[in-house]
Amino acid sequence: MELVVRFLVFFLVYGSLHYLFSERKRRTNDGQVQPLKRPILRTVVSAAVAGFLFVLLFEVLELF
């Protein structure tokens, strides 16, 4: 249960910061602001991968 809570907290914090600072204002090749679906999907995927790696490395470091 503790791992799930750590993952969710990391996911929310990392995802929100990633969206605010890198995805929100990203533009397409035409110079238009991209639709809302694309940056949210990109943020969710990157936050999930980063959260998985965080939990995995946290558990590996906890073993030593």
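The structure under discussion appears in the preceding block.
The structure contained in this document is the topic of the report that follows. (Residues numbered from 1 in each chain as written. Predicted model: local features only at pLDDT ≥ 70, side-chain atom pairs only at ≥ 80, totals over all residues. Heavy atoms only, no water.)

This part is about the pattern of salt bridges. Side-chain pairing between opposite charges can occur once the charged atoms of the two side chains come close. Under the definition given, this model contains 3 salt bridges. The partner of Arg26 in a salt bridge is Glu23, and the shortest N-O contact between them spans 3.7 Å. When its relative accessible area of 1% is taken as the criterion, Glu23 is described as buried. Across the salt bridge formed by Glu23 and Arg42, the nearest N and O atoms sit 2.8 Å from each other. Linking Glu23 in helix α1 (residues 2-23) with Arg42 in helix α2 (residues 37-63), this pair joins segments that are 19 residues apart in sequence. Given a relative accessible area of 29%, Arg42 falls into the partly exposed group. Ionic contacts of the salt-bridge type, sharing partners, join the residues Glu23, Arg26 and Arg42 into one network. (Salt bridge = Lys/Arg side-chain N within 4 Å of Asp/Glu carboxyl O. Buried < 20%, exposed > 50% of the residue type's maximum accessible area, 1.4 Å probe, protein only. Helix = DSSP H or I, 4+ residues; strand = E, 2+ residues; numbered from the N terminus.)

Moving on to the environment of Val49. With respect to the helices and strands, Val49 occurs in helix α2. A relative accessible area of 48% means that Val49 is categorised as partly exposed.

Okay, the packing of aromatic side chains next. For the structure on display, the rule yields 4 aromatic pairs. When the centroid spacing of 5.9 Å and the interplanar angle of 25° are considered together, the rings of Phe7 and Phe11 count as stacked. You can see Phe7 and its partner Phe11 sitting in helix α1, 4 residues apart, about one turn around the helix. Given a relative accessible area of 22%, Phe11 falls into the partly exposed group. Their ring planes at 40° and their centres at 5.9 Å tell us that Phe54 and Phe58 sit as a pair that is tilted. Taken together, the positions of Phe54 and Phe58, both in helix α2 and 4 residues apart, correspond to about one turn of that helix. The partly exposed category is assigned to Phe54, whose relative accessible area is 31%. (Phe/Tyr/Trp six-rings, centres within 6.5 Å; stacked < 30°, edge-to-face > 60°.)

Before going further, it helps to examine the side chain of Gln34. Mapped onto the elements, Gln34 comes out in the loop between α1 and α2. Polar side-chain contacts of Gln34 include one of 3.4 Å to the backbone oxygen of Glu23. Leaving out residues up to four positions away in the same chain, Gln34 has contacts with Glu23, Arg26, Thr28, Pro39 and Arg42. (Polar contact = N/O pair within 3.5 Å; in protein donor to acceptor, adjacent residues only side chain to side chain. Contact = heavy atoms within 4.5 Å.)

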